Amino acid sequence: MKIPFTKLHGAKNDFLLTMVEDAPKSDLPEIAIAICNRYTGVGADGWMLLDRTGGPGYDASIRLFN
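Before going into details, it helps to say that this report is about the structure given with it. Keep in mind the model is a prediction, meaning the values are calculated, not measured.

## What about the pairing of strand E2 (residues 13-19)?
Two faces belong to every sheet, and in a regular strand the side chains alternate between them.
Point 1. The pairing of strand E1 (residues 6-10) with E2 spans 5 bridges and is antiparallel. Among the inter-strand pairings, threonine 6 is bridged to a residue of E2, identified as leucine 17.
Point 2. Counted along the chain from E1 to the antiparallel partner E2, the turn is 2 residues long, and its residue alanine 11 has a positive phi close to 55°.
Point 3. Two strands pair when backbone bridges link them, and E2 and strand E3 (residues 46-51) are joined in this way by 5 bridges, in the parallel orientation. Pairing of phenylalanine 15 across the sheet is with glycine 46, part of E3.
Point 4. Once the chain exits E2 it traverses helix H1 (residues 28-36) before rejoining the sheet at E3, and the crossover so formed is right-handed.

This is the structure we're talking about:
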């Protein structure tokens, strides 16, 4: 399975950012654990899914797996 991401870092933390439309539709917590593992995955402090559709009064929303 290929999941496109951008790796962001700052303040000694790093996160993987994926657009929600590019993410799988199920098993997100398990996928987050696997890809954030620093030995067997990409390695990160967390995975953020960005939904650009937002909601009432919002431009976007983020779902964070930390």
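## Some details on the side chain of threonine 18
Point 1. Along the chain, the position of threonine 18 falls in strand E2.
Point 2. Residue classification places threonine 18 among the buried positions, given a relative accessible area of 1%.
Point 3. In terms of polar contacts, threonine 18 uses its side chain to reach the side chain of tryptophan 47, at 2.9 Å.

Conventions used here
- Residues numbered from 1 in each chain as written.
- Predicted model: local features only at pLDDT ≥ 70, side-chain atom pairs only at ≥ 80, totals over all residues.
- Heavy atoms only, no water.
- Pairing = 2+ DSSP bridges.
- Helix = DSSP H or I, 4+ residues; strand = E, 2+ residues; numbered from the N terminus.
- Right-handed = clockwise from strand over helix to strand, strands pointing away.
- Buried < 20%, exposed > 50% of the residue type's maximum accessible area, 1.4 Å probe, protein only.
- Polar contact = N/O pair within 3.5 Å; in protein donor to acceptor, adjacent residues only side chain to side chain.

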